[in-house]
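Next come the chains, spelled out residue by residue.
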Amino acid sequence: MFVVGRLPTVTYNPRENLGLESQLEEYLEDRGALLSVSGPTKTGKTTLLRSAAASGIWLSGGAVSSRDEFWRTVGEGLYADSSTAAGKSIGLIRQDLVESDRCLVVDDFHYIDQGVQLEIVRSLKDLVFEGLPVVVASVPHRAYDAVRVEKEMTGRVAHLSISPWDDEELISIAKKGFSALNLVDDDSRLAHRLSKESFSSPHLMQQFCKRLCRENEISKTLLEPTTLAPPDSWVHFFSQSAADTSKAAFDLLAQGPRRRTDRLQRKLTDGRTVDIYGAVLEAIANTGPTLAIEYDQLRVSLREVLKDEVPQRHEVTRVLDQMTKIAKEDIEGEPVVDYDESLSTLHVSDPYFAFYLRWGQPGRSFPGQE
C-alpha cells in the first residue's frame, strides 16, 4: 500500500488538478522556446517528463562537465551506436538533431557548472528558435538558470512549475492506504500529524504511513474495520524514522572541508560546544527548518542558538559556500543544501535532510515536536 522510492499503485496521487501533462504537451506542440521544468526534489519531475517525452534524447546534468561533452552525449543518444557519434562533428550533430524532430531533455540541469550552462544555452539558442523542443529540469531556485546565464534568452524561456505537495495531497496518500487496509483514522487526525512532518514530500509521507502500520502490526488488509492507534511517543516515532535518512550528509557538513583542531569553539545556549560549521547547522535547524532561508533570517537564528557572539557575515557566508561545495561534490544525489550568493538565500534542497535536522540529532528539540 505504502511505497517508498517506487511508483505506488493504491496510494498514487496523479495531482490531475494541476494539469501538468497537458501543459507539457502544449509546449511540445508550440515550441519556439526553451522549457524549464522545476520542482522540489522527489515531486515527480522526471516521471512527468518520461511520460510525455519518452522518445526524446535524455541527458543528465550530473554527467556534463563541458560544452563538447554535452554535444558528444547528445550524439550518442541520437545515433544507433557511439562510434557513429564519435565520427560526427558538433555541427553535424546539431543539424541532425533538428532534423530528427526529437525532444532534447536535460535532467538535473542545475548540476551543470554555470559557465558550462552558458556555453550550452548559447549553442542551443538558434536551434530553439528553429523549433527544436528543449526541456531542462531543475529544482525551483535554479529554474531561471537559463535566463540568468544568457540574458538574450529572456522571453524565450517558458516555465512549468511543479508545486510542492500540500497537506491535503499528502493526506490523500494516507486516506487511500488506510482505507484499502480497512483501517480507521478518525477525522484523519493521524494523517494530519504525519503530513505536518513530511516537508511536502510524498516519499516521507509514504514512509511514515508504512512505519505507523508496522507499529500497529498491520501487514495486510484486515477483515473488520480497525481503529489505527497513534504511537506511544511521536518524538520517538519521528526520531527513529530519521535515524536512517541523512546522518552521513549531516556529518560531512558538520566536519567542514578539512578537520582543523584550531577552529574556534562556540557555546550553544543548550550548553553544547561546536565549531562554526556546527553552529551554522544548528541555526539552520532552528528555523524549523524552513526550506529557503534568507541570510538575515539565518543570522537571527544564530543569535538564538549561540551563547557567544555571532560570527561575522563573511565567516558565515564562507561556511555556506563550503557546505554547498561539499553537498555537490561529496554527497551523492541532490545537494542537500545550496547557497545562492546573488540572492543571499540558503536552500535546503532535500526534504530528507530537512527532516533529519528536525528529528535526527540526539538531544535536540524544537517547538512543536512534542
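Enquirer: So, the overall build of the protein: which residues are in play, and what are the values?
Expert: When its secondary structure is counted, the protein shows 16 helices and 12 strands. Dimensions of the protein along its principal axes, counting C-alpha atoms only, are 65 × 65 × 35 Å. Counting only residues that meet the buried cut, the protein has 51% of its 370 residues in that class. Sequence-distant contacts in the protein: of pairs separated by 6 or more residues, those separated by 24 or more amount to 69%. Accessible surface for the protein amounts to roughly 17900 Å². Of this, 47% is attributable to carbon and sulfur atoms. Averaging the positions of the 43 positive and the 56 negative side-chain charges in the protein gives two centres separated by 5 Å.

Enquirer: Give me the lowdown on the side chain of Ser36, citing residues and values where you can.
Expert: Mapped onto the fold, Ser36 is located in strand β1 (residues 34-38). Residue classification places Ser36 among the buried residues on the basis of a relative accessible area of 1%. Not counting residues within four places of it along the chain, the set of residues in contact with Ser36 comprises Val136, Ser138, Ala143, Val157, Ala158, His159 and Leu160.

Enquirer: Give me helix α11 (residues 234-242): which residues, what numbers.
Expert: Those residues of α11 lying buried are Trp234, Phe237, Phe238, Ser241 and Ala242. One side of α11 holds all its buried residues, which, seen down the axis, span an arc of 125 degrees. Against α9 (189-196), α10 (202-215) and α16 (351-359) lie the buried residues of α11. With a side-chain oxygen positioned 3.4 Å from the backbone nitrogen of Val235, the residue opening α11 is Ser233.

Enquirer: Which residues make up the pattern of salt bridges, and what values do they have?
Expert: With the rule as written, the count across this model stands at 14 salt bridges. Residue Asp270 pairs with Arg272 through a salt bridge whose shortest N-O separation is 2.9 Å. Owing to a relative accessible area of 30%, Arg272 belongs among the partly exposed residues under this scheme. Connected through shared salt-bridge partners, Arg193, Glu197 and Arg358 make up one network.

Enquirer: Now, about unusual backbone geometry: what can you tell me, with residues and values included?
Expert: A cis geometry characterises the amide bond from Gly288 onward to Pro289, with omega recorded as -10 degrees. Topologically, Pro289 is positioned in the loop between α13 (276-286) and β10 (292-294). One non-glycine residue, Phe199, lies in positive phi territory at about 50 degrees. Looking at the secondary structure, you find Phe199 in the loop between α9 and α10. Among the residues examined, Phe199 registers a relative accessible area of 15% and is labelled buried.

Enquirer: An account of the sheet that holds strand β2 (residues 57-60) is requested, with residue identities and associated values reported.
Expert: One open sheet holds the five strands; their spatial order is β2-β3-β4-β1-β5, and the pairing between them is parallel. On the outer flanks of this sheet lie β2 and β5 (157-161), each paired with one strand and no other. When the angles between neighbouring strand axes are averaged without regard to direction, this sheet yields 20 degrees. In terms of strand pairing, strand β3 (residues 104-107) meets strand β4 (residues 134-138) through three bridges, oriented parallel. When the bridges of β4 are listed, Leu104 appears paired with Val134. Along the sheet face, helix α1 (residues 20-30) touches β1, β4 and β5 and points at about 165 degrees away from the line of β5. On top of the sheet, helix α3 (residues 67-78) reaches β2 and β3; it is set at about 145 degrees to β2, its chief contact.

Conventions and cut-offs
Per chain, the residues get numbers from 1 upward, laid out in the order the sequence is written. For a predicted model such as this one, the threshold for reporting local features is a pLDDT of at least 70, and the threshold for listing and counting side-chain atom pairs is 80 or more; totals across whole chains, interfaces and linings nevertheless cover every residue. Values reported for side chains reflect all heavy atoms of the structure, with hydrogen atoms and water molecules removed beforehand. Going along the chain from the N terminus, every DSSP run of H or I of four or more residues is numbered as a helix, and every run of E of two or more is numbered as a strand. Only protein chains enter the area calculation, which uses a 1.4 Å probe; residues under 20% of their type maximum are buried, those over 50% are exposed, and those in between are partly exposed. Here, two residues are considered to be in contact whenever any of their heavy atoms come within 4.5 Å of each other. Using the Shrake-Rupley algorithm and a 1.4 Å probe, accessible areas are obtained, with residue cover drawn only from the displayed protein chains. For this count, His and the chain ends are skipped, Lys and Arg are scored as positive, and Asp and Glu as negative. Charge coordinates come from a single atom per side chain, which is NZ of Lys, CZ of Arg, CG of Asp or CD of Glu. Starting at the helix axis, one direction is taken to each C-beta atom, and the arc is that of these directions. In protein, a polar contact requires one atom able to donate a hydrogen and another able to accept it; more generally it is a pair of N or O atoms within 3.5 Å, and residues adjacent in sequence count only if both atoms are side-chain atoms. A side-chain nitrogen of Lys or Arg and a carboxyl oxygen of Asp or Glu constitute a salt bridge if their distance falls within 4 Å. In short, DSSP must find at least two bridges between two strands for them to pair. Here an axis means a line fitted to C-alpha atoms, over the contact stretch when the element is a helix, while the angle between two N-to-C directions is reported on a 0 to 180 degree scale.

Functional significance is not addressed by these values, which are geometric in nature.
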